Amino acid sequence: MTWIKPSFLWMMYRCGWATKDGQETVLAVEITRDGFEWALRNACLSSYVRGVHPDRATWQRQLKHAPTRIQWDPERDLHLQPLPYRSLQFGLSGEAARRYADEWTVAIRDVTPLAHEIHTLVRSGNLDAAARLLPQERPYTAANELLTHLRP
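Residues numbered from 1 in each chain as written. Predicted model: local features only at pLDDT ≥ 70, side-chain atom pairs only at ≥ 80, totals over all residues. Heavy atoms only, no water.

### A word on the pattern of salt bridges
All chains considered together, the criterion is met by four salt bridges. Here Glu37 and Arg33 are joined by a salt bridge, their closest N and O atoms 3.1 Å apart. Taken together, the positions of Glu37 and Arg33, both in helix α2 (residues 33–41) and four residues apart, correspond to about one turn of that helix. We classify Glu37 as buried; its relative accessible area is 15%. The shortest N-O distance in the salt bridge between Glu103 and Arg98 comes to 3.2 Å. Residue class for Arg98 comes out partly exposed when judged on its relative accessible area of 39%. (Salt bridge = Lys/Arg side-chain N within 4 Å of Asp/Glu carboxyl O. Helix = DSSP H or I, 4+ residues; strand = E, 2+ residues; numbered from the N terminus. Buried < 20%, exposed > 50% of the residue type's maximum accessible area, 1.4 Å probe, protein only.)

The structure is reproduced here in structure tokens:
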């Protein structure tokens, strides 16, 4: 399974500012909107949620066949502490992983030096300068039908 984490700070939380063993490189991968929306349409939540799924057995069948898994994880601040809202993470397998690699990817950039620079500023207490360096992230506007089966 390949995971896409659309939030820079959540990724920094996950990889420890690119310092965890095996996670010392952070890549920013740009994908097409069509690909992103295909992943949403073909996704299943990674855990059972009453009210979203009719029952646990139905969810398990959907999960088994879905090429995309979605998790809603707490967004993070510059100190990597959880915020009161969530960002989604994509797990891609099978057809979704193939499309991601072969069709959707538009650009790949190594943002490891940026991660280290921001982390250095955070550690020195210069949060304003660190915040100015963060990649610009905006809420993703998606048609309601793309998300109704993914909202807890």
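### A short note on the sheet that holds strand β3 (residues 43–45)
Think of a sheet as strands paired side by side through backbone hydrogen bonds, with each pair either parallel or antiparallel. Taking strand neighbours across the sheet as the criterion, the four strands line up as β1-β5-β4-β3 in an open arrangement whose pairing is mixed. Strands at the two margins of the open sheet, each flanked by one partner only, are β1 (2–4) and β3. This sheet shows a mean twist of 40 degrees between the axes of neighbouring strands, independent of strand direction. Bridge analysis of β1 against strand β5 (residues 82–92) gives three bridges, and the strand direction is antiparallel. Within β5, the position partnered with Trp3 by the bridge is Gly91. Those strands touched by α2 are β3, β4 (68–76) and β5, and its axis lies near 95 degrees from that of β5. The sheet contacts of helix α4 (residues 94–104) involve β1, β4 and β5, and relative to β5 the element is tilted by about 90 degrees. (Pairing = 2+ DSSP bridges. Axes fitted to C-alpha atoms, helices over the stretch in contact; angles between N-to-C directions. Contact = heavy atoms within 4.5 Å.)

### A few points about a nonpolar patch on the surface
Judged by side-chain polarity, Leu27, Val29 and Ile108 come together as a nonpolar surface patch covering roughly 260 Å² of accessible area. Relative to the helices and strands, Val29 is located in strand β2 (residues 27–31). Classification of Val29 by relative accessible area gives partly exposed; the value is 32%. (Patch = residues over 30% accessible without salt bridge, like charges linked within 9 Å, V, L, I, M, F, W, Y side chains within 5 Å. Areas by Shrake-Rupley, 256 points an atom, 1.4 Å probe, with all protein chains shown as cover.)

### Section: helix α5 (residues 112–123)
Given a rise of 1.5 Å per residue, twelve residues ought to cover 16 Å, and the 16 Å separating the end C-alpha atoms of α5 matches this to within 8%. Taken residue by residue, α5 has Thr112, Ala115, Ile118, His119, Leu121 and Val122 as its buried positions. Buried-residue contacts for α5 involve α1 (8–15), β6 (105–110) and α6 (127–133). After α5 finishes, the residue Gly125 shows a positive phi value of roughly 85 degrees. (Expected span 1.5 Å × (residues − 1).)

### Points about the packing of aromatic side chains
The description of an aromatic ring pair rests on the distance of the ring centres and on the angle between the ring planes. The full count for this structure, using the stated rule, is five aromatic pairs. Seen from their ring centres, Phe36 and Tyr140 are 4.5 Å apart, and the 55 degrees between their planes marks the pair as tilted. Here the residue Phe36 occupies a position in helix α2, and Tyr140 occupies one in the loop between α6 and α7 (144–147), the gap between them amounting to 104 residues. Put simply, the rings of Phe36, Phe90 and Tyr140 pair up and form one aromatic cluster. Over the ring of Tyr13 we find Arg76, and its NZ or CZ is 3.5 Å from the ring centre. (Phe/Tyr/Trp six-rings, centres within 6.5 Å; stacked < 30°, edge-to-face > 60°. Lys NZ or Arg CZ within 6 Å of the ring centre and 35° of its normal.)

So, to be careful, I would describe these as geometric facts and stop short of saying anything about function.
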